[in-house]
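Residue-level structural notes
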Amino acid sequence: MKRLIETIKNIFRIEELRNRILYTLGLLLVFRFGSFVVIPGINPTALSALQDQVDGNGLLGLINIFSGGAFSNASIFALGVMPYISASIVIQLLGIVVPYFQKLQKEGESGRRKINQLTRVLTIIVLLIQGPAYLANLYSQLPDAAFVLGRGSFLFTIVATVVLIAGTMFVMWLGEKITDKGIGNGISLLIMVGIVARLPHALLREINTRFTEATGGLVMLVVELVIWFLVFMATIALVQAVRKIPVQYARRIVGNKQYGGVRQYIPLKINAANVMPIIFAQALMFVPAFFTKFESTRGFGAAFADYTGFWYNLVFALLVIAFTYFYTAVTVNPNMMADDMKRNGGFIPGIKPGKKTVDYIDTVMTRITLPGSIFLAIVAILPAFATRLGINNQFALFFGGTSLLILVGVVLDTLKQIESYLLLRHYDGLMKTGRIKGRAGA
């Protein structure tokens, strides 16, 4: 405890770090405040039907968690950063198949600015589709009394769509400002805050269930929390685990100085795809729901309608494994690694430069991705097991899946940045031994 207090004091002794943390907390507070500001023209007292719909729907529940409850509040931030994330994924995939985007990725800072600009434009296009779709959902779920100007009013539709677009763009601006002048990755922090904001409510509901419905009481609650802690530890291990490939650099003599001649490592992450496979797989798992609308395929759709069912989780886990391999293949480029090593005079001991090096890195990456993908699939389906064991739906989401991975990854990345400031000023790090490694850390 004494060491913790001393570490906190050290953090606030560094003026730049202190200002960045306070700036970040201030903007996060603005984001949370906006999550409760209802779209003009909607009566806040008539939103119970929307909240009931969100609680009973897997996809909408996930979006609601990411937005910190803004989705079910019909807030000006209801769409959150999901449109921006969708646009970013599309741009990233285009960078694999379209030469123009590949060229932008290699142009450094100027290319990054162009990609960011294109991502913003694509985000607005996505919002022009998602905004009216969100309003159509409001029209179908809320009673007539919820709409001040009347259900389906053209004026309300136009104004509300503009407000939703402006809300998401403002959230994007908050994220960029946190990244530039605060601490951590702004967009990721906004998503994490939205997830954490739902945690107290979910935990209180679970505590209330245990003590009011005679379902185990204090003993079961303690067991749940212990299992939850162990799941957190396992997820941290998954996020930080790397396979180090040794790289030897040739020794060069320039004048009176010696360069190279040292051994370094290429850290290949066991879970290089992070949370993306779960997001892709979860999106595909909602496709079978459309088959319930047809008589001939209703049985097939019903088999996948229960997210705690056997077939749903089996297919979901297999999709997570498949997408982990796919996303790792498109994000980790062995050819680029081999070219960079060759250009800098580096080589893997015992492996010839060129194609042999590419094949070696590709083989190692394929082998370590298998246990990583299986572990990721287990994390993805853990909420279903938690629900089956009697944990309420909202709290079960924190036992695994997208929420847990984002929470762990963002916290590690932020703590890594804070620790770098402490070490730079010759203070002790956040840990007594070892160093914190974020998702991108070695």
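Check the entry above for the structure.
Below, the structure is looked at part by part. (Residues numbered from 1 in each chain as written. Predicted model: local features only at pLDDT ≥ 70, side-chain atom pairs only at ≥ 80, totals over all residues. Heavy atoms only, no water.)

1. Some remarks on the overall build of the chain
In terms of helices and strands, the chain carries 17 helices and five strands. Per-residue burial for the chain yields a buried fraction of 43% across its 442 residues. Taking contacts inside the chain between residues at least 6 apart in sequence as the whole, the part at least 24 apart equals 69%. Of the roughly 23000 Å² of accessible surface on the chain, 66% is carried by carbon and sulfur atoms. (Helix = DSSP H or I, 4+ residues; strand = E, 2+ residues; numbered from the N terminus. Buried < 20%, exposed > 50% of the residue type's maximum accessible area, 1.4 Å probe, protein only. Contact = heavy atoms within 4.5 Å. Areas by Shrake-Rupley, 256 points an atom, 1.4 Å probe, with all protein chains shown as cover.)

2. Notes on the packing of aromatic side chains
All told, the structure shown has 13 aromatic pairs when counted by the stated rule. On the basis of an interplanar angle of 10° and a centroid distance of 6.0 Å, the ring pair of F31 and F77 is categorised as stacked. Placement of the pair is F31 in helix 2 (residues 15-34) and F77 in the loop between helix 4 (58-66) and helix 5 (82-97), with a sequence separation of 46 residues. A single burial state applies to F31 and to F77, both of which are buried. Each ring, one from F395 and one from F399, has its centre 5.4 Å from the other, and the planes form 90°; the classification is edge-to-face. Aromatic ring contacts, followed pair by pair, group F31, F77, F170 and W173 into a single cluster. (Phe/Tyr/Trp six-rings, centres within 6.5 Å; stacked < 30°, edge-to-face > 60°.)

3. A word on the packing of helix 10 (residues 217-240) against helix 17 (residues 401-424)
Between helix 10 and helix 17, whose axes approach to 10 Å, the crossing angle comes to 65°. You can see that helix 10 and helix 17 cross each other, and the crossing is right-handed. For the pair formed by helix 10 and helix 17, the contact residues are V231, F232, T235, I236, L238, V239 and Q240 on the first element and L404, L405, L407, V408 and L412 on the second. Its residues assigned to classes, the contact of helix 10 with helix 17 comprises 10 nonpolar, two polar and no charged. (Axes fitted to C-alpha atoms, helices over the stretch in contact; angles between N-to-C directions. Left-handed = near helix turned anticlockwise from the far one by under 90°. Nonpolar A, V, L, I, M, F, W, Y, C, P; charged D, E, K, R; others polar.)

4. Some points on unusual backbone geometry
A negative phi angle is the norm for most residues apart from glycine, just as the trans form is the norm for most peptide bonds. Backbone geometry at A74 places phi at a positive 50°, although glycine is not the residue there. By secondary structure assignment, the location of A74 is in the loop between helix 4 and helix 5. The exposure class of A74 is buried, given its relative accessible area of 0%.

5. Looking at the pattern of salt bridges
Inspection of the entire model under this criterion finds four salt bridges. Between R20 and E16 there is a salt bridge, and its shortest N-O distance comes to 3.5 Å. Pair noted here: R20 and E16 are both in helix 2, with a separation of four residues, about one helical turn. A salt bridge links R120 to E176, with the shortest nitrogen-to-oxygen separation between them at 2.9 Å. Here R120 is found in helix 7 (residues 109-141), whereas its partner E176 is found in helix 8 (residues 154-181), with 56 residues between them in sequence. (Salt bridge = Lys/Arg side-chain N within 4 Å of Asp/Glu carboxyl O.)

6. Some details on the environment of I270
With respect to the secondary-structure elements, I270 resides in the loop between strand 4 (263-269) and helix 11 (276-284). Placed 30 residues apart in sequence, I270 and Q240 show a C-alpha to C-alpha distance of 8.2 Å. When sequence neighbours within four positions are dropped, the list of residues in contact with I270 reads A241, V242, I368, T369 and G372.

7. A word on the nonpolar core
One broad rule of soluble globular proteins: the nonpolar side chains tend to lie buried together. F316, V320 and L405 are the most contacted members of the largest nonpolar core, which totals 62 residues. Broken down by element, this core gets its largest block of residues, nine residues, from helix 9 (residues 186-212). In contact with F316, other than residues within four places in its own chain, are I278, A281, Q282, M285, A380 and I381. The next biggest cluster of nonpolar side chains, apart from the first, holds 22 residues, and it includes I42, L50, A78 and A160. (Core = buried A, V, L, I, M, F, W, Y, C linked by side-chain atoms within 4.5 Å.)

8. Remarks on a nonpolar patch on the surface
A surface patch of nonpolar side chains, about 680 Å² in accessible area, is lined by F211, L218, V222, V226, F229, L230 and M233. Per element, the largest residue contribution to the nonpolar patch is six residues, and it comes from helix 10. By secondary structure assignment, the location of V226 is in helix 10. A residue is classified by how much of its surface remains accessible, and V226, at 43% relative accessible area, is partly exposed. (Patch = residues over 30% accessible without salt bridge, like charges linked within 9 Å, V, L, I, M, F, W, Y side chains within 5 Å.)

9. Quick word on the packing of helix 8 against helix 9
Contact pair helix 8 / helix 9: the axes reach a minimum separation of 7 Å and the direction vectors enclose 115°. On helix 9, the residues touching V171, M172, L174, G175, I178 and T179 of helix 8 are G186, I187, L189 and L190. When the residues that make up the contact of helix 8 with helix 9 are grouped by side-chain class, the tally is seven nonpolar, three polar and no charged.

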